[in-house]
Structure formats: C-alpha cells, structure tokens
Amino acid sequence: MEEKTNVVMEHPGHDHLLILNENYIAKKGDVCRGCCEEIDSCESSFIYSCINLTSTASTSNSGVKYLCAIFLLHKTCAELPREIVNPTDPNEVLSFHSWVRPRYENCTICGLWRRRTYFTYRSSFNPKICVCVKCAGIQVQQSKEDTIFVHPGHSHPLALIEQLSSFRCCACKVIDNILASSYRCTKCQFWIHKSCGDAPPSFQFQFHKHPLILSFSLPKVYLKFYQFCRICHERLYWIEWLYCCRSCRYFTHFQCARSRSSLLSSGENETFPNLVHLPAADELSLNLLLEQFIKDKIILSDSSNNSSISGATNYIKHWSHEEHDLKLITTDELYDRKNDDEILLLCDGCVEPVRTCDSQIYACLPCKYFMHKFCAEFPGEIEHHLWPGKTLVAYMYSESFEVFYCDGCAIYSNGIFFSMILPNERRTIRLHIGCVTLPEVIKHEAHSHQLQLHQDTKHACNACGYKYVECKYECKDCRFNICGACIRMVKTYKNRWDPHPLHLIYDAGMVEKHEHEFDCEFCSQEINTNRWFYHCSKCDLSFHTYCILKSSDRYYNVKFGATDIIKDKVHPHGLTFVFNKKVRPCRNCKEESRGKTVLQCAPCNSTIFCQCWGKWCWE
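Position numbers for residues count from 1 along each chain, tracking the sequence in the order it is written. Residues qualify for local features only when their pLDDT is at least 70, as the model is predicted, and side-chain atom pairs are given and counted only at 80 or more; totals for whole chains, interfaces and linings, by contrast, use all residues. Side-chain calculation: all heavy atoms of the structure are included, whereas hydrogens and water are not.

## A few points about the overall build of the chain
Next up, step 1: The secondary structure listing takes helices from DSSP runs of H or I that are at least 4 residues long and strands from runs of E that are at least 2 residues long, numbered from the N terminus. Along the backbone of the chain there are nine helices and 44 strands.
Next up, step 2: The classification of residues rests on relative accessible area computed with a 1.4 Å probe and restricted to protein chains. Under 20% of the type maximum is buried, over 50% is exposed, and intermediate values are partly exposed. When each of the 619 residues of the chain is scored for burial, the buried share is 48%.
Next up, step 3: Contacts are assigned to residue pairs with any non-hydrogen atoms lying within 4.5 Å of each other. Partitioning the intrachain contacts of the chain with sequence separation of at least 6 by distance along the chain shows that 54% fall at a separation of at least 24.
Next up, step 4: When the accessible surface of the chain is split by element, carbon and sulfur atoms take 50% of a total near 32300 Å². We get accessible surface area from the Shrake-Rupley algorithm with a probe of 1.4 Å; when it comes to residues, only the shown protein chains can shield them.

Shown next, in the form of structure tokens:
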C-alpha cells in the first residue's frame, strides 16, 4: 500500500510551510487565523498548521517571534487565492494582506468590526476598501461555481442540525444558543436558523403596496449609492439577506421585515394642537405657512414686556433700522409709487418675499428698507424649547453685505437672527427667524410617525444627506431625520425646464413603472434615490433638489442689491452687494469669486470679497 502523501503549502501569512491535518482534534481556544472564528471543538476538522509544530518560538525575517503551535487555518481559508475580484467593482482586483498582530478592520461587504483580523483583501487604489476572509471565501465560491444566491440562500448543501448550537446566523445576524433546529453548510462556515431558512420567498408587507421578494444579497446595480433599510434606516450591506421590491427600490433588512414589534409606534397617541402637516402644496402655501409660524410665536411671547418696536401705530422706531422711522403702508400703495421692475420686495427681517395682495408692511422708502408687519412686531428676546431656561436675543449686522450662517438650516442670511452662547460647548448658536419659529412637532408625508424638533448634528438628514445642521425633525421610534431646510421643500414645483409641475419624490416607488435609473436633466448625473428629488411622470424628467430649488443655494436667504457702499478715501465709486455669477478674481486676495457674495464696482469692472473689505484700500 502506498504511503499517504502529506499536503504541504506555502502561505503568505506565515514564514514556514503549512501541512494539512485531516484529523485535527480542536482544543478549547483554537482560532482560525483567517476568519478569526473558533475552530469547531466537537468534531474533526480539516486544518492547516505550521510544519514546525513545536513549543519553541521561531523568528521571522522581520525579527517578530511566532508561536507556530497556535498558527491554524481552516482548509477553506488557507486555500483562498492571493487575489480576488472586488465584489462591488468587477473591474478591480483586491490583493491579500497579512499582519503579525491583529488589526481593527471594518469589512466593506458585511460591515462587521473584526477585532482579531490578521488577513484581509485590500484595494491598492482605495484604502477604504477592505474585505474580510469570510466574505472573500463567499466571493470565491460564487466565482468557482458560477451561480447566484437562490433559495435557500447558499450554493452548498445544508445539513439539518437538531441539537443545541451556538452560532451567529448568517441570515438574521443574531448570535444566541439555538434550542430548535438549524441548517449548517457541509463545506463551509455558513449556518442559519431553521426558521430563517424556511422564511417565505415573498410576502405582502403591510407598509408597501407590492409583495416583497426575498433576496440573499443586495443587487449589484444598487451598490452605486449606500442603501438603507426602510424600517430601521440603518445601512444595508452587499452580502445580507433582505426583502425588497425592485420596481420601487424598497429594501428592508431580513429581520426587520419579519419583526412586527419594530413597526409599532410608541408616540402616535400623543396629541398636539394644530399639528402641522407637510410638505406644503406649493411655494405660496409654504410662504403663508412660514408667516403663520412667526405669528404664532408672537402670540406665545409676552410682547408687552418684550417689544421690538416703539412709537405710534403708523410710524415706528425699530432697532434694526435706527437711521429713520418706518412707516406702515400697504403693498398697493408702494406699487402706486414704484414700477414692478424697480424694486425687489424682500423683507429685511426674514428675507422672504412680501406678498403683493394689499399686505401691510413697514417701510423706509429712501433706504428701500421693508419689513413684514409681523416681522417688525416680533419680540427681541425669546425662549426656545431646545434650550430651556436660556434666552435667544435678536441681532442684525449693521452692514447690508455682512451675512451670518444659520445653524438651523445651513444657509446664509443678512436678515434678523437670534443668537445665544453655549458656554459648555464654547460656541454660539445663530438662527434666523424662519428656523427659530419652527413648530415643536410636525407630521410629514414622507414618514409614518410624527416628527419632533431636536438638537442634533450627528445623524444625516434622510432627505438631503447633510449632517451638520443644529435643528432636525426626528422620529422617536426609528432613525429618521429631516433637517430644517428640507422640511421647506414643497410638494409641487414649477420650473422653466418642464411645462408641468414637478412632484417631490421621497420614495422611488412613488414613480410608477420606472425600474431604470433616474438621471438629473440639469447636471446629467444619476440621482441617488435614497434622497429626495423632483420628477415629472408625463415627461419622465427628474432633477436633484439642489439643481432646481432655491433651498439648495446657501445664499437664497440673502437680500442682494444694496448700493452706494463706500467709505471715505477707499474707492471713488459706490459699490453694490451682489452674488457674482461671472469669472472674476477678488482684487484683494486674487482668488476666484464666481459663485460667492462680493462687492462689485461696475465702472471699474472689478469685485472684492466682502470679508476682504476693510483689509485693503483700492487704488
């Protein structure tokens, strides 16, 4: 009888040869250096170990000592190739990397934080791409057999285990001791609950109009953008079981869709008087709603002890315009004196349009200074429920070209703002009138639960993806946020690129029979359907919100056009405060000024940044 030949291999993760042991009896604490999982201690395993299985330490070329006796690899982990195809990009190859000591790595595919990782596959172009050995094994197995994930969700035969087992389910990701039956792969480390393996391939979900189909991985066509579960709003990774509706791009975690308890709301029984329902129908409705927010705040405040104005009814002295008194007039009177094209009727308080339907406003005609009647009557000090016990004080910069950054909606403005210093955080909060008067609770059509105003700069807005906004509307039952700017998005929007009104889309399923990508007609880039966008079903046109809405312009709440800005002996011509749309360098710092606020001199055909004003005297 021929003597059995020992299988020996070289492995880049170890200095010595490895030998295959087909009858290795695992001991307590034996861990595979590849997948970092404990080697099965109840039965024989196919294990590669160091050929120098001694207790003495050997030394590598780098001078690091290895205890060869504890270097063990599953056969499947040891025989993985040195390069694999990037699962998220078939055109890229990931290379095998190893370290002497375990490193902290976050797998791009499964999202697990593997504390004891010695081997990974990494990209040479993008350091953020990292694939653990376990996910690499799944990828290699798929490539060898040229198959796709089909029910029951694995390419190998599964054995029924009818005994107490402890494992991490590859379907629902739960780690526990299973008293009931489970399914385990006969060739690799794939293991699932029997209840997960027997899950229905499709079912009618109560919060979606179409049946949801069971999928064992996120379809690669949707990996261009991060995808999130529609129930818990956490990120979905590529190799995860999930239920989905591809026509609507509706995805949920496998476990979230099956768990009815996660769908229950704990706060819907709370009642709030005059609950605001959004989105507003159109821009006019939105302006009326914002006006009502300001008026409601005035009613709640004690205006008798906190007045912003002084003087008679028809003439007032307002702190924001100390040069002249403001006269109470109607917009009809104003247009009797001025042509429509001669004046831009924006309120200097909230920097929102003044309606031209016999509205009462306070005005200083020589200075072209206008204020809504309710903005002029707004108190100079208020309290806000986000900062109980603290007072926000009203301010306005003396120069018309000085702007502030609103912490509530991440836009700039040169109107009235309310400010407060947070001593514990060593910073100052600034909110314009529109943000400081937002209601405490709203109900938005994009979410099934009520949303409450919170102070939050950690979680990204579900509508636009922007994170660093002070005030967001948050759901108490699930991770859903809308920032102070996105709640102002209107339901229908008219624009010059389409003869029909565009409709706000916050769920791709709102667009019927549209399985292909949504491309923005303005910038020609693909739209991330996890974010809100506008769409016309009749013309099949789509637009990013930031491509067509004024809310995307961080300077839309700035009143431009102030003229004759001049200081003695600085410049011979009066300057105009404008938003520069031309390619021109700043005359002071020489940086490009296109798309920024500047002071412009028409006779000299030149511009200077507002922040550069006063630092340099023009010739």
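## Structural notes on the confidence of the model for the chain
Next up, step 1: pLDDT is defined as a per-residue confidence score from the predictor, taking values between 0 and 100. Across the chain, pLDDT averages 78, with 83% of residues at or above 70.
Next up, step 2: Per-element averaging of pLDDT across the chain places strand S4 (residues 58-59) at the bottom with 46 and strand S40 (residues 533-536) at the top with 92.
Next up, step 3: Of the regions scoring below 50 in pLDDT, residues 54-65 engages in 16 contacts with residues more than four places distant in sequence or in other chains.
Next up, step 4: This model gives residues 261-267 a pLDDT under 50, and the stretch forms 14 contacts once residues within four places in sequence are excluded.

## Remarks on helix H5 (residues 283-300)
Next up, step 1: End to end, H5 covers 26 Å across 18 residues, agreeing with the expected 26 Å (1.5 Å per residue, within 8%).
Next up, step 2: Taken as a whole, H5 has its buried residues at Leu286, Asn287, Leu290, Glu291, Phe293, Ile294, Lys297 and Ile298. An end-on view of H5 places all buried positions within 145° of arc, on one side of the element. Exposed side chains of H5 directed beyond 90 degrees from the buried face belong to Leu284, Ile299 and Leu300.
Next up, step 3: Where the residues of H5 are buried, they touch strand S22 (276-278), strand S27 (369-372), helix H7 (373-376), strand S28 (381-383) and helix H8 (433-436). The span expected for a helix works out to 1.5 Å for each residue beyond the first. Think of it as the arc spanned by the lines of direction from the helix axis to the C-beta atoms.

## Topic: the pattern of salt bridges
Next up, step 1: Definition used for salt bridges: Asp or Glu carboxyl oxygen within 4 Å of a side-chain nitrogen of Lys or Arg. With the rule as written, the count across this model stands at ten salt bridges.
Next up, step 2: The partner of Lys75 in a salt bridge is Glu79, and the shortest N-O contact between them spans 3.1 Å.
Next up, step 3: Classification of Lys75 by relative accessible area gives partly exposed; the value is 27%.
Next up, step 4: Taking the shortest distance from any N to any O, the salt bridge between Arg427 and Glu470 comes out at 3.0 Å. Within this pair, whereas Arg427 is found in strand S33 (residues 427-432), its partner Glu470 is found in the loop between strand S35 (450-455) and strand S36 (471-474), the two being separated by 43 residues in sequence.

## Here's the deal with unusual backbone geometry
Next up, step 1: Here the amide bond leading from Leu278 into Pro279 is cis, since omega sits at 5°, within 30 degrees of zero.
Next up, step 2: Position of Pro279 among the secondary structure elements: in the loop between S22 and H5.
Next up, step 3: At His233, a position not held by glycine, the phi torsion is positive, near 65°.
Next up, step 4: Examined against the element boundaries, His233 turns out to sit in the loop between strand S18 (227-228) and strand S19 (235-236).
Next up, step 5: Phi angles above zero are rare outside glycine, and Ser524 is one such case at about 65°.
Next up, step 6: Residue placement: Ser524 occurs in the loop between strand S39 (498-505) and S40.
Next up, step 7: Judged by relative accessible area, which is 58%, Ser524 ranks as exposed.

## Some remarks on the side chain of Asp507
Next up, step 1: Tracing the sequence through the fold places Asp507 in the loop between S39 and S40.
Next up, step 2: Since its relative accessible area comes to 18%, Asp507 is described here as buried.
Next up, step 3: N or O atoms closer than or at 3.5 Å make up a polar contact, with two conditions inside protein: a donor-capable atom paired with an acceptor-capable one, and, for residues adjacent in sequence, both atoms drawn from side chains. Of the polar contacts made by the side chain of Asp507, one reaches the side chain of Arg230; its length is 3.2 Å.
Next up, step 4: Contacts of Asp507, omitting those with residues within four sequence positions, involve Arg230, Cys248 and Tyr250.

## Examining the packing of aromatic side chains
Next up, step 1: Only rings of Phe, Tyr and Trp enter the pairing, Trp through its six-membered ring, and a pair is recorded when the two centres are within 6.5 Å. The plane angle decides the type: under 30 degrees is stacked, over 60 is edge-to-face, the rest tilted. Using the criterion set out here, one finds 17 aromatic pairs in the structure.
Next up, step 2: Plain terms: the ring middles of Phe404 and Phe417 are 4.5 Å apart, the flat faces sit at 40° to each other, and that makes the pair tilted. Within this pair, whereas Phe404 is found in strand S30 (residues 404-405), its partner Phe417 is found in strand S32 (residues 417-422), the two being separated by 13 residues in sequence.
Next up, step 3: Take Phe404: its relative accessible area is 2%, and that puts it in the buried class.
Next up, step 4: By the ring-pair criterion, three or more aromatic residues cluster together here, those being Phe71, Phe96, Phe119 and Tyr121.
Next up, step 5: Only when the NZ of Lys or the CZ of Arg is both within 6 Å of the ring centre and within 35 degrees of the ring normal is a charge said to sit over the ring. Lying over the aromatic face of Tyr118, Arg33 brings its terminal NZ or CZ to 4.1 Å of the ring centre.

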